[in-house]
Amino acid sequence: MYAHITWHTWRRVGCIDREAESNVRAAISEAAERCGIRVLTVGVLADHVHLLVSFRPSTRLSEFVGYAKGLSAYRANRHVVGGVRWSRGYYAGSVSKGDLDLVRSYVMRQHQRHPDLVPRRRANAT
């Protein structure tokens, strides 16, 4: 099965900078491995995340998303306390095999679609 998954920061605050983005990507990879999910593509913006994943019907997407959100916030907040806070919930929509290329392209183009939301370097970073 395939799904397009997205979730947002608390009140859509653009709190994901480049360092937090790498934490989010690493947490998604770890959560995917732990939950038996294959991540096909990822789009991380300053205020939300898009994923295209494949999974078995017995997989609980809620467990995967919860683990990815929790771990990414924990890692990002070690550097800037309270820097990343996720909103409750997430969206997951099923994707047919025939639409995989379309959805993959959509997720991969997030930085072009939202240039104002591309994660930036932290202001005090050297």
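Right above here is the structure, for reference.
Residues numbered from 1 in each chain as written. Predicted model: local features only at pLDDT ≥ 70, side-chain atom pairs only at ≥ 80, totals over all residues. Heavy atoms only, no water.

(A) Quick look at the pattern of salt bridges. Under the defined criterion, the tally for this structure stands at five salt bridges. R12 is the partner of D47 in a salt bridge, and the nearest nitrogen-oxygen pair spans 3.3 Å. Linking D47 in the loop between β2 (38-44) and β3 (48-54) with R12 in the loop between β1 (2-8) and α1 (18-35), this pair joins segments that are 35 residues apart in sequence. Given a relative accessible area of 44%, R12 falls into the partly exposed group. A salt bridge links R60 to E63, with the shortest nitrogen-to-oxygen separation between them at 2.4 Å. (Salt bridge = Lys/Arg side-chain N within 4 Å of Asp/Glu carboxyl O. Helix = DSSP H or I, 4+ residues; strand = E, 2+ residues; numbered from the N terminus. Buried < 20%, exposed > 50% of the residue type's maximum accessible area, 1.4 Å probe, protein only.)

(B) Fine view of the pairing of β2. The element β2 is largely enclosed, with a buried count of five among its seven residues. Here β2 runs beside β3; their pairing, made up of six bridges, is antiparallel. Counted as the bridge partner of G43 is H50 from β3. Linking β2 to β3, which pair antiparallel, is a turn of three residues. (Pairing = 2+ DSSP bridges.)

(C) Fine view of the packing of α1 against helix α2 (residues 61-77). The interhelical angle for the contact between α1 and α2, taken along N-to-C directions, is 145 degrees, at an axis separation of 8 Å. Read as a crossing pair, α1 and α2 show a hand that is right-handed. Of α2, the residues touching α1 (which contributes A20, N23, V24, A26, A27, I28, E30, A31, A32, R34 and C35) are E63, F64, Y67, A68, L71, S72, R75 and A76. Residue composition of the contact of α1 with α2, grouped by class: 13 nonpolar, two polar and four charged. (Axes fitted to C-alpha atoms, helices over the stretch in contact; angles between N-to-C directions. Left-handed = near helix turned anticlockwise from the far one by under 90°. Contact = heavy atoms within 4.5 Å. Nonpolar A, V, L, I, M, F, W, Y, C, P; charged D, E, K, R; others polar.)

(D) Inspection of the pairing of β1 at higher detail. Across the seven residues of β1, five count as buried, placing the element largely inside the fold. For β1 and β3, the ladder comprises seven bridges, and the chain directions are antiparallel. Opposite T6, over in β3, you have H50 as the bridge partner. Across four bridges, β1 lies against strand β4 (residues 91-94) in antiparallel orientation. Looking at β4, one finds that I5 is bridged to A92.

(E) Molecular detail of the sheet that holds β3. Taken in spatial order, the four strands of this open sheet run β2-β3-β1-β4, and their pairing is antiparallel. In this open sheet, the two strands that pair with only one neighbour each are β2 and β4. Taking each pair of neighbouring strands and ignoring which way they run, the sheet shows an average axis angle of 15 degrees. Contacts between α2 and the sheet are confined to β1, β3 and β4, with β1 contributing the most and set at about 40 degrees to the helix. Relative to the sheet, helix α3 (residues 100-108) contacts β1, β2 and β3, its axis offset from that of β2 by approximately 35 degrees.

Scope: geometric values only; no functional claims are made or implied.
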